[in-house]
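# Summary of structural features
So the chains spell out like this:
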Amino acid sequence: HSLTLEVRVTNHVAQALYRKFGFAPAGVRKNYYPEVNEDALVMWAHDVDGDDYAERVARLEAELPSPTVVGG
């Protein structure tokens, strides 16, 4: 029903992309990337199994410059 991910707090481009997919910030994991002493932003998307989310993904796919292939 929900998805979660971690993204570097400095990776604003990725965060913007994830927001398009309905992810919202929910917390911070301190020093998640210890090799560079960087925190991670925890993001969640809820109700990903519903019609509204499917419509969101379909809209995003329609914005792509070329068709995508899902599956094999």
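Model, not experiment: these values are computed from the prediction. (Residues numbered from 1 in each chain as written. Predicted model: local features only at pLDDT ≥ 70, side-chain atom pairs only at ≥ 80, totals over all residues. Heavy atoms only, no water.)

In this section: the pattern of salt bridges. What the rule picks out here adds up to 4 salt bridges. Glu 6 is the salt-bridge partner of Arg 29, the closest N and O atoms lying 3.1 Å from each other. Of this pair, Arg 29 sits in strand 2 (residues 24-33) while Glu 6 sits in strand 1 (residues 2-8), and the two are 23 residues apart along the sequence. Its relative accessible area of 27% is what places Glu 6 among the partly exposed residues. Put simply, Lys 30 and Asp 39 hold a salt bridge, and the shortest N to O gap is 3.4 Å. (Salt bridge = Lys/Arg side-chain N within 4 Å of Asp/Glu carboxyl O. Helix = DSSP H or I, 4+ residues; strand = E, 2+ residues; numbered from the N terminus. Buried < 20%, exposed > 50% of the residue type's maximum accessible area, 1.4 Å probe, protein only.)

Let us look at the side chain of Gln 15. Here Gln 15 is to be found in helix 1 (residues 12-20). Since its relative accessible area comes to 6%, Gln 15 is described here as buried. Beyond its immediate sequence surroundings of up to four residues, Gln 15 is in contact with Val 7, Arg 8, Val 9, Thr 10, Leu 41 and Met 43. (Contact = heavy atoms within 4.5 Å.)

Attention now moves to the sheet that holds strand 2. Pairing is antiparallel across the open sheet formed by 3 strands, whose spatial order is 1-3-2. Only two strands of the sheet have a single neighbouring strand rather than two, namely strand 1 and strand 2. Between one strand and the next, the sheet's axes are offset by a mean angle of 25 degrees, whatever the strand orientation. Relative to strand 3 (residues 38-46), strand 1 runs antiparallel, the two sharing 7 bridges. Among the inter-strand pairings, Val 7 is bridged to a residue of strand 3, identified as Leu 41. Across the sheet, helix 1 lies against strand 1, strand 2 and strand 3, angled at about 165 degrees from strand 1, the strand it touches most. (Pairing = 2+ DSSP bridges. Axes fitted to C-alpha atoms, helices over the stretch in contact; angles between N-to-C directions.)

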